[in-house]
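# Examining the three-dimensional arrangement
One-letter residues, chain by chain:
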Amino acid sequence: MQRVSEKRWFVCLLAIVGIIGASLFVVSLIQTPNNSFLCSLTNYSQNDNNPTSFQQLNTILHYATSSITPQQSFSEITVTLDVLKSLNRPCNFLIFGLGIDSLMWNSFNPRGTTLFLEEDPSWFQKVMKNAPQLNAHAVKYRTQLREADALLSSYRSEPFCSPARAAPLRSNERCKLALNNLPDEVYEKEWDLIMIDAPKGYFAEAPGRMAAIFSAAVMGRNRKGSGVTHVFLHDVDRKVEKVYAEEFLCRKNLVKGVGRLWHFEIPSKVNSTRHGDDDDRFC
Ligand SMILES: C[S@@+](CC[C@H](N)C(=O)[O-])C[C@H]1O[C@@H](n2cnc3c(N)ncnc32)[C@H](O)[C@@H]1O
């Protein structure tokens, strides 16, 4: 009798060991270098020297534990994210302004270049203290919001504000709308995406977004590489953003409008089939 129960116990043990062994075998088959199926059974990260994945984890942790959310809505942010997904490669992403959203944009473009330009020195310090991994520069603008109307009605009389002569921006002292004092990296790269959600444009002494909009149009038109420049402009419910977008980014290039965000695709003049009047007019 005791022998029979010992035998049963032994068979049960064998069955349990067999099930565990089979399970481990199946898991090892499912697991690939990119698919850490059971983190408790494997090293946590297959890319131990890849800081990108850790930065993304830190970004998730940041937003998961913060009660402050970006100013753009879910559907507005999705417009840009969809473009990044469709390009499906590391991109050059230039962003006017540091904000609550900066860590998010940075992590949306892993292995790409995401560069932020911020006008407010104390806000720059504050953001960079908490997120030193961001590639950001403090910049100065030559304009004020109160000049927006005058600049719009006079820019045509300055030859260096014409589409033909506005580039290169770096040496364009004459046209006040040309951003000529940005870090070298801005001029040395071709930007696939440009987000204009700054500088501040809600009081008379603020820089306003006139020069950012003008300069984004010039960068897009002068792109040498293939493809268009995606320009995203926020706060288009405001007069200056709307009027400057229509003047320099052009209705014909507007591909999407969601909430207070407009998305333009700026073709480069190199790939343009039209000649002549392209040099006189932005739109
Ligand atoms: C409209 S905000 C950009 C906001 C950003 N898109 C976001 O979601 O946080 C434009 C500018 O306002 C300023 N700014 C934004 N948030 C701020 C804050 N919490 N305190 C002080 N200045 C701020 C910065 O100069 C920034 O470049």
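As the structure is a computational prediction, the values presented were derived from the model and not from experiment.

## Section: the overall build of the protein
Each helix and strand counted, the protein has 9 helices and 7 strands in total. Residues classed as buried in the protein amount to 29% of the 283 residues present. Residue pairs at least 24 apart in sequence account for 62% of intrachain contacts in the protein once pairs closer than 6 positions are excluded.

## Examining the site of the ligand
Taken together, 16 residues are adjacent to the ligand, and Gln-71, Gly-97, Gly-99, Ile-100 and Ala-198 come closest. When the residues that make up the shell around the ligand are grouped by side-chain class, the tally is 6 nonpolar, 4 polar and 6 charged.

## Examining the environment of Thr-78
Mapping Thr-78 onto the fold places it in helix α3 (residues 74-87). Measuring from C-alpha to C-alpha, the distance between Thr-78 and Val-258 comes to 9.4 Å, with 180 residues separating the pair along the chain.

## Details of the nonpolar core
Counting 53 residues, the largest nonpolar core has Ile-196 and Ile-213 as the members making the most contacts within it. Of the residues forming this core, the biggest block, 9 residues, is contributed by helix α8 (residues 210-221). When sequence neighbours within four positions are dropped, the list of residues in contact with Ile-196 reads Phe-96, Arg-209, Ala-212, Ile-213, Ala-216, Val-231, Phe-232, Leu-233 and His-234.

## Describing the sheet that holds strand β3 (residues 135-138)
Strand pairs in the sheet, formed through backbone hydrogen bonds, run parallel or antiparallel to each other. Read across the open sheet, the 7 strands follow the order β3-β2-β1-β4-β5-β7-β6; overall the sheet is mixed. Edge positions in the sheet fall to β3 and β6 (254-258), since each has one partner strand and no second. Strand after strand, the sheet turns through a mean of 15° between neighbouring axes, direction not considered. Relative to strand β5 (residues 229-234), strand β4 (residues 193-196) runs parallel, the two being bridged by 4 bridges. Of the residues in β5, the one forming a bridge with Met-195 is Phe-232.

## A short note on helix α9 (residues 239-249)
Among all positions in α9, only Val-240, Glu-241, Tyr-244, Ala-245, Phe-248 and Leu-249 are buried. Buried residues in α9, looked at end-on, bunch into an arc of 125°, giving them a common side. Next to the buried residues of α9 lie α6 (148-154), α8, β5 and β7 (261-266). Where α9 ends, the next residue or the one after it, Cys-250, has phi of about 80°, a positive value.

## Looking at the packing of α8 against α9
Helix-helix packing: each pair is described by the crossing angle between the helix axes and the interaxial distance. Close contact between α8 and α9 brings their axes to 9 Å; oriented N to C, the two are set at 20°. Classified by the angle between their axes, α8 and α9 sit roughly parallel to one another. The two elements α8 and α9 cross, and the hand of that crossing is right-handed. Seen from α8, the contacting residues are Met-210, Ile-213, Phe-214 and Ala-217; seen from α9, they are Val-240, Tyr-244, Ala-245, Phe-248 and Leu-249. Partitioning the contact of α8 with α9 into residue classes produces 9 nonpolar, no polar and no charged.

## Here we look at the environment of Arg-174
Here Arg-174 is to be found in the loop between α6 and α7 (184-188). The class of Arg-174 is partly exposed, set by 13 C-beta atoms lying within 10 Å. Other than its neighbours up to four places away in sequence, Arg-174 contacts Glu-158 and Phe-160.

## Focus on the pairing of β3
Pairing analysis gives 4 bridges linking strand β2 (residues 113-118) to β3, with the strands arranged parallel. Considered in β3, the bridge of Leu-115 is made with Asn-135.

## Here we look at unusual backbone geometry
A cis geometry characterises the amide bond from Ala-167 onward to Pro-168, with omega recorded as -5°. One can find Pro-168 in the loop between α6 and α7. Residue Pro-199 is bonded to the preceding Ala-198 through a cis peptide linkage, with omega at 0°. One non-glycine residue, Asn-88, adopts positive backbone phi at about 50°.

## Some details on the pairing of β6
Where β6 meets β7, 4 bridges bridge the pair, whose relative direction is antiparallel. Across the sheet, residue Val-258 finds its bridge partner in β7, namely Leu-261. Adjacent in sequence and paired antiparallel, β6 and β7 are bridged by 2 residues, among which Gly-259 carries a positive phi angle near 60°.

Definitions and cut-offs
- Residues numbered from 1 in each chain as written.
- Predicted model: local features only at pLDDT ≥ 70, side-chain atom pairs only at ≥ 80, totals over all residues.
- Helix = DSSP H or I, 4+ residues; strand = E, 2+ residues; numbered from the N terminus.
- Buried ≥ 20, exposed ≤ 12 C-beta atoms within 10 Å, placed from the backbone.
- Contact = placed C-beta atoms within 7 Å.
- Near = placed C-beta within 6 Å.
- Nonpolar A, V, L, I, M, F, W, Y, C, P; charged D, E, K, R; others polar.
- Core = buried A, V, L, I, M, F, W, Y, C linked by C-beta atoms within 7 Å.
- Pairing = 2+ DSSP bridges.
- Axes fitted to C-alpha atoms, helices over the stretch in contact; angles between N-to-C directions.
- Arc of directions from axis to C-beta.
- Parallel < 35°, antiparallel > 145°, perpendicular 65-115°, else oblique.
- Left-handed = near helix turned anticlockwise from the far one by under 90°.

The values are spatial; any link to function lies outside them.
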